[in-house]
Structures are given as C-alpha cells and as structure tokens.
Amino acid sequence: MSLPRIVIIVVAAITTAGAVLADLVIPDLAAQHAFNPAWPPHAKFHDAQYMVMTVLLGLTGLVLATRPSRTALLHAAAILATPWLGMIGALLFPGTATYDPEFADRTVFVLGLHGQVFMAIVLLLALLVVTVATVRIPVDSPTRS
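The structure reproduced in this document is the subject of the present report. No experiment lies behind these values; they were computed from the predicted model shown. (Residues numbered from 1 in each chain as written. Predicted model: local features only at pLDDT ≥ 70, side-chain atom pairs only at ≥ 80, totals over all residues. Heavy atoms only, no water.)

## Comments concerning the nonpolar core
Then, in step 1: The biggest cluster of nonpolar side chains holds 18 residues, and the ones touching the most others in it are I8, V11, A65, A76, L80, W84 and L127.
Then, in step 2: Looking at this core, the elements with two or more residues in it are helix 1 (3-25), helix 3 (41-65), helix 4 (70-90) and helix 5 (115-136).
Then, in step 3: A per-element tally of this core places helix 4 first, with eight residues.
Then, in step 4: Those residues in contact with W84 that sit more than four places away from it in its chain are I14, T15, M119, A120, L123 and L124. (Core = buried A, V, L, I, M, F, W, Y, C linked by side-chain atoms within 4.5 Å. Buried < 20%, exposed > 50% of the residue type's maximum accessible area, 1.4 Å probe, protein only. Helix = DSSP H or I, 4+ residues; strand = E, 2+ residues; numbered from the N terminus. Contact = heavy atoms within 4.5 Å.)

The structure is reproduced here in structure tokens:
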C-alpha cells in the first residue's frame, strides 16, 4: 500500500471520529459543545449536524481510499478536505470564534492557533502533499495504488 493511500486512510479515520470525540465523547470538550448549557437548541442542532456530516464524509473518504484507483484516491482526498476547509472557512463569518469566552482557560493552543484549527491545517497540508504526490506518480507505475 502506498504512503499517500495510508495518509489518506489516517485522515479519513481522524475525520470520521474527530468531531464526535471532541463534541460529544471527551467530557472536557463535550462540555463546550453538545453539553454546553449556554448553547441554545438550534446551536446544538448544528453541532450534531456537523458531527453526523463529518462521520459520513470520513466514511465516504475511507471507502474511496481503499479502492485500487488513483481517481478514487483523489476523490477521497477532496471529500476529506471538505469539513476541515469548512472549519477554517467558518472563521470568515462575522461573530464566529473557535471557542466560547467562558472556556478560554481550558482552550488548547498550538503555535498560537486554536487546537482544532491547527489540526485542520495539518490535515489539509497532508492531503495536499499526498494529492500532489498521487498526481505526479505515472499512471502505469506499480506504486500508484
């Protein structure tokens, strides 16, 4: 199995489980999301929508990444980039923030970036690198899968 395929499968696994773990399962993080009493029901609805969407996109990417086709692998990378690009794109909207003020002391920052944004950038860069590598491998190469 090629390194690009392995990287895309790892990103698919992170995408599939990440939002559910962060927003619903891990107690300190879930308290800031699904179990945040300050969030109105509509905000919780959109959080749940995001969790379901990332699971579906992650599983779709995982299925495509396991198919022996370069095109399927490239489609997997594009699909897996979607929720991470959405996270970064959400910061462009007025009134959005990566964390609520009451959780400022519990928020993790990496290199000055919110932990989720940092992870999104790392995963997007990984997808970009493996996409370029996949496109550059000749079609008839035995290492294309």
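## Quick notes on the pattern of salt bridges
Side-chain pairs of opposite charge can arise whenever the charged atoms involved come near each other.
Then, in step 1: For the coordinates displayed, the defined rule picks out one salt bridge.
Then, in step 2: Its salt-bridge partner being D28, residue R106 comes within 3.5 Å of it at the nearest N-O pair. Placement of R106 in the loop between helix 4 and strand 1 (109-110) and of D28 in helix 2 (residues 27-30) is noted, with a sequence separation of 78 residues between them. (Salt bridge = Lys/Arg side-chain N within 4 Å of Asp/Glu carboxyl O.)

## Notes on the packing of helix 3 against helix 4
Then, in step 1: Where helix 3 contacts helix 4, the axes come no closer than 7 Å and their chain directions differ by 160°. Viewed along their axes, helix 3 and helix 4 adopt a mutual orientation that is roughly antiparallel. Judged by the sense of rotation from one axis to the other, the crossing of helix 3 with helix 4 is left-handed. Contacts between helix 3 and helix 4 involve Y50, T54, L57, G58, T60, G61, L64 and A65 on the former and, on the latter, A72, L73, H75, A76, I79, L80, T82, P83 and M87. (Axes fitted to C-alpha atoms, helices over the stretch in contact; angles between N-to-C directions. Parallel < 35°, antiparallel > 145°, perpendicular 65-115°, else oblique. Left-handed = near helix turned anticlockwise from the far one by under 90°.)

## Overview of the packing of aromatic side chains
Then, in step 1: By the definition in use, this model includes one aromatic pair.
Then, in step 2: Ring centres of Y99 and F109 lie 5.6 Å apart, and the angle between their planes is 85°; this geometry places the pair in the edge-to-face category. One end of the pair, Y99, is in the loop between helix 4 and strand 1; the other, F109, is in strand 1, and ten residues separate them in sequence.
Then, in step 3: Residue classification places F109 among the partly exposed residues on the basis of a relative accessible area of 42%. (Phe/Tyr/Trp six-rings, centres within 6.5 Å; stacked < 30°, edge-to-face > 60°.)

## Overview of the packing of helix 1 against helix 3
Then, in step 1: Interaxial distance between helix 1 and helix 3 falls to 8 Å at its minimum, and their mutual angle equals 160°. If you check the angle between helix 1 and helix 3, you find them roughly antiparallel. Relative to helix 3, the crossing made by helix 1 is left-handed. In this structure, helix 1 uses R5, I8, I9, A12, T15, T16, A19, V20, D23 and L24 to contact helix 3, whose residues at the interface are D47, Y50, M51, T54, V55, G58, L59, G61, L62, L64 and A65.
Then, in step 2: For the contact of helix 1 with helix 3, a count of residues per class yields 13 nonpolar, five polar and three charged. (Nonpolar A, V, L, I, M, F, W, Y, C, P; charged D, E, K, R; others polar.)

## Digging into unusual backbone geometry
Then, in step 1: Backbone geometry at L111 places phi at a positive 55°, although glycine is not the residue there.
Then, in step 2: Relative to the assigned elements, L111 resides in the loop between strand 1 and strand 2 (113-114).
Then, in step 3: A relative accessible area of 75% means that L111 is categorised as exposed.

## With respect to helix 3
Then, in step 1: Taking 1.5 Å of rise per residue, 25 residues should cover 36 Å, and helix 3 covers 36 Å from first to last C-alpha, within 8% of that figure.
Then, in step 2: When helix 3 is considered as a whole, its buried residues turn out to be D47, M51, T54, L57, G58, G61, L64 and A65.
Then, in step 3: On the buried face of helix 3, the contacting elements are helix 1 and helix 4. (Expected span 1.5 Å × (residues − 1).)

## What about helix 1?
Residues spaced three or four apart along an α-helix face the same direction, because each turn holds 3.6 residues.
Then, in step 1: In this model helix 1 runs 30 Å from its N-terminal to its C-terminal C-alpha over 23 residues, within 8% of the 33 Å that 1.5 Å per residue would give.
Then, in step 2: A bend of about 35° at A17 is the largest found in helix 1.
Then, in step 3: Three or more residues of helix 1 are buried, namely P4, R5, I8, V11, A12, T15, T16, A19, A22 and D23.
Then, in step 4: For helix 1, the secondary structure elements touched by its buried residues are helix 2, helix 3, helix 4 and helix 5. (Bend = angle between axes of the 7 residues up to and from the residue.)

These figures come from the coordinates and say nothing about function on their own.
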